[in-house]
Protein chains: 2
Amino acid sequence: MVGVVGGKERMMLLQERLRTIPIILGSKSPRRSALLQAMEIDFDVIVRETQETFESGDSPDSIVQAIAKEKLNQFNEECANGHLVICADTIVVAPNGEILGKPNDAANAAEMIQSLSRKCHKVYTGVAFGYRNIRVSFSECTKVWLALLDAEEIAFYVERYHPIDKAGAYGIQEWIGKIGVEKIEGSYENVIGLPTARLQKELKEVFRYKN
Amino acid sequence: MVGVVGGKERMMLLQERLRTIPIILGSKSPRRSALLQAMEIDFDVIVRETQETFESGDSPDSIVQAIAKEKLNQFNEECANGHLVICADTIVVAPNGEILGKPNDAANAAEMIQSLSRKCHKVYTGVAFGYRNIRVSFSECTKVWLALLDAEEIAFYVERYHPIDKAGAYGIQEWIGKIGVEKIEGSYENVIGLPTARLQKELKEVFRYKN
């Protein structure tokens, strides 16, 4: 009777199943590492440089998926050797449709945040993972409404938190997210850089039901 | 010219202004303490017991505001003495409209989470703060969509995280929030227990413009 409860086959928790597989997170973002840890998935971080280029006419969805897949392509050998490799890319689309990357300096960071103040912008994260000959990719979009931020709030944030490494020049999990994000629609973790619930679902499809 | 920049009066950051006022958080929730800290507001925690009773016909909005105000009433003396006192209350409204409190035990916690699986529920937090003769209260509602959670995911969460102290038997900031919350609509911090952006806005109304 072990493994069968109430007539249904008892499934192994995804997290237990994944403990038997070597996992690589192909991202240098400490925030993605923290999110994957919070999912209780063990992994090593390996970063390989890729060109994050895209055609200006492409949709944000296809851009982030293409970049995540391109990052994953650097790990084909590890996938073939039985590693699960997870890569991701996040972009911020300003209210005017412009794609915001990382700011050049503090003044540029303040400008970026000012351009998002009192408006709704969109954050897209694309994820690609590979294991043996399996490749899965997807993307999620979250809408974020910022409050009217005062000049001194923006200056305080930029000076104290140095958001130079963040697309759109802010971290929703930091002070400015607490005091300035009135509302979101979508996944909160997606804004930080990894749509964790969607990732759990997609990993379950591969590792719990098909293997 | 100090204090005037570009023709506009330069405002003091709310957080700087509040450093001159003794602040009390009237809540024993460690999650509310963490959120207020993340707002960079300094405070002491003082907990006073109140009866959290309400009429079953009342709306969730009015229930959480009434309980928060009742909690604040225990601190009238401190308010009169120049303390800023902040109180809050959070409830979870199940998909069937039932108000979920804290679970009785692990089995009840698992039942509660099961009842939220694959559906949308609502989380309401009411906040009341007082300072001298000023009293302000408000509430926020966030919609939360949970994924289809497997029995073993629920069992793993309840056993490992003991969500007995949480209304609705889950913490969105914990493992189950990462792997199970597909989408929210509203403030993420409101689900944890304190709508921080709204609180910043309401505190600014009192402490930056009127004082």
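In this report, the structure presented in the accompanying data block is examined.

Calculation rules
- Residues numbered from 1 in each chain as written.
- Chains lettered and ligands numbered in written order.
- Predicted model: local features only at pLDDT ≥ 70, side-chain atom pairs only at ≥ 80, totals over all residues.
- Heavy atoms only, no water.
- Contact = heavy atoms within 4.5 Å.
- Buried area = accessible area lost by both parts, 1.4 Å probe.
- Salt bridge = Lys/Arg side-chain N within 4 Å of Asp/Glu carboxyl O.
- Polar contact = N/O pair within 3.5 Å; in protein donor to acceptor, adjacent residues only side chain to side chain.
- Helix = DSSP H or I, 4+ residues; strand = E, 2+ residues; numbered from the N terminus.
- Pairing = 2+ DSSP bridges.
- Patch = residues over 30% accessible without salt bridge, like charges linked within 9 Å, V, L, I, M, F, W, Y side chains within 5 Å.
- Areas by Shrake-Rupley, 256 points an atom, 1.4 Å probe, with all protein chains shown as cover.
- Lys, Arg positive; Asp, Glu negative; His and termini not counted.
- Charge placed at Lys NZ, Arg CZ, Asp CG, Glu CD.
- Buried < 20%, exposed > 50% of the residue type's maximum accessible area, 1.4 Å probe, protein only.
- Phe/Tyr/Trp six-rings, centres within 6.5 Å; stacked < 30°, edge-to-face > 60°.
- Lys NZ or Arg CZ within 6 Å of the ring centre and 35° of its normal.
- Disulfide = S-S within 2.5 Å.
- Axes fitted to C-alpha atoms, helices over the stretch in contact; angles between N-to-C directions.
- Parallel < 35°, antiparallel > 145°, perpendicular 65-115°, else oblique.
- Left-handed = near helix turned anticlockwise from the far one by under 90°.
- Nonpolar A, V, L, I, M, F, W, Y, C, P; charged D, E, K, R; others polar.
- Least-squares fit on C-alpha atoms with pLDDT ≥ 70 in both.

### Some points on the interface of chain A and chain B
It is common to report an interface's size as the accessible area lost on association of the parts.
Part 1: Contact residues are listed per partner, giving 35 residues for chain A and 35 residues for chain B.
Part 2: Between chain A and chain B, roughly 3000 Å² of surface is buried when both sides are summed, and carbon and sulfur atoms account for 50% of that area.
Part 3: Here chain A is connected to chain B by 12 salt bridges.
Part 4: Two residues, K204(A) and E153(B), come together in a salt bridge whose shortest N-O distance is 2.9 Å.
Part 5: Viewed at the interface, chain B and chain A are joined by 22 residue pairs in polar contact (both at pLDDT 80 or more).
Part 6: Counting residues per element, the ones that place at least two in the side of chain A that touches chain B are α2 (30-38), α6 (151-161), α7 (175-180), β9 (181-186), α8 (188-192) and α9 (196-209) of chain A.

### Some thoughts on the pairing of strand β8 (residues 134-146) of chain A
Within a regular strand, the side chains alternate between the two sheet faces.
All names here are of chain A.
Part 1: One ladder, built from 12 bridges, connects strand β7 (residues 120-131) with β8; its direction is antiparallel. Bridge assignment links V127 to a residue of β8, and that residue is F138.
Part 2: If you look at the hairpin formed by β7 and β8, you'll find 2 residues sitting between the two strands, and R132 has a positive phi there, around 50°.
Part 3: By the bridge criterion, 4 bridges tie β8 to β9 in an arrangement that is antiparallel. What sits directly across from K143, in β9, is E185.

### Description of a positive patch on the surface
Part 1: On the surface, a cluster of positive charge is contributed by K122(A), K143(A), K183(A), K122(B), K143(B) and K183(B).
Part 2: On the secondary structure map, K183(A) appears in strand β9.

### Brief notes about unusual backbone geometry
Part 1: For A169(A), which is not glycine, the phi torsion reads 70° and is therefore positive.
Part 2: Within the secondary structure, A169(A) is located in the loop between α6 and α7.
Part 3: Positive phi outside glycine occurs at E40(B), with the angle close to 65°.
Part 4: For E40(B), the location among the structural elements is in the loop between α2 (30-38) and β4 (44-45).
Part 5: Exposure remark for E40(B): the relative accessible area of 13% places this residue in the buried category.

### A few points about the packing of aromatic side chains
Part 1: Scanning the model with the defined rule gives 7 aromatic pairs over all chains in all.
Part 2: Over the face of the ring belonging to W145(A) we find K183(A), whose NZ or CZ atom lies 4.7 Å from the ring centre.

### Some thoughts on the state of the cysteines
Residue and element names in this part refer to chain A.
Part 1: One pass over the full model with this rule turns up 0 disulfides over all chains.
Part 2: Free of any disulfide, C79 has its nearest neighbouring cysteine sulfur in C87, separated by 8.0 Å.
Part 3: Overall, C87 belongs to the buried group, its relative accessible area being 0%.

### Looking at the environment of A38(B)
All names here are of chain B.
Part 1: In this structure, A38 sits in helix α2.
Part 2: By relative accessible area, A38 is classed as partly exposed at 25%.
Part 3: Taking the C-alpha atoms as reference points, A38 and E153, 115 residues apart in sequence, are found 30 Å from one another.

### A few points about the packing of helix α5 (residues 106-116) of chain B against helix α6 (residues 151-161) of chain B
Residues and elements named next belong to chain B.
Part 1: Viewed as axis vectors pointing N to C, α5 and α6 meet at an angle of 135°, and their least axial separation amounts to 10 Å. Judged on the interaxial angle alone, α6 and α5 are oblique. Crossing of α5 against α6: the hand is right-handed. Counted together, A106, A109, A110, I113 and Q114 of α5 and I154, Y157 and V158 of α6 form the full contact between these two elements.
Part 2: Taken together, the residues that form the contact of α5 with α6 break down as 7 nonpolar, 1 polar and no charged.

### Observations concerning the relation of the copies chain A and chain B
Part 1: Between chain A and chain B, the superposition needs a rotation of 180° and an axial shift of 0.0 Å, giving an RMSD of 0.0 Å. Such a turn and shift between the copies fits a two-fold axis. Within chain A, E185(A) has its C-alpha nearest the rotation axis, a separation of 2.2 Å.

### What to know about the side chain of R208(A)
Part 1: On the secondary structure map, R208(A) appears in helix α9.
Part 2: Look at R208(A) and you get buried, because its relative accessible area is 9%.
Part 3: Within the structure, the side chain of R208(A) is placed 2.6 Å from the backbone oxygen of M12(A), a separation counted as a polar contact.
Part 4: What R208(A) contacts, discounting residues up to four positions off in sequence, is M11(A), M12(A), L13(A), L14(A), L203(A), D150(B) and E152(B).

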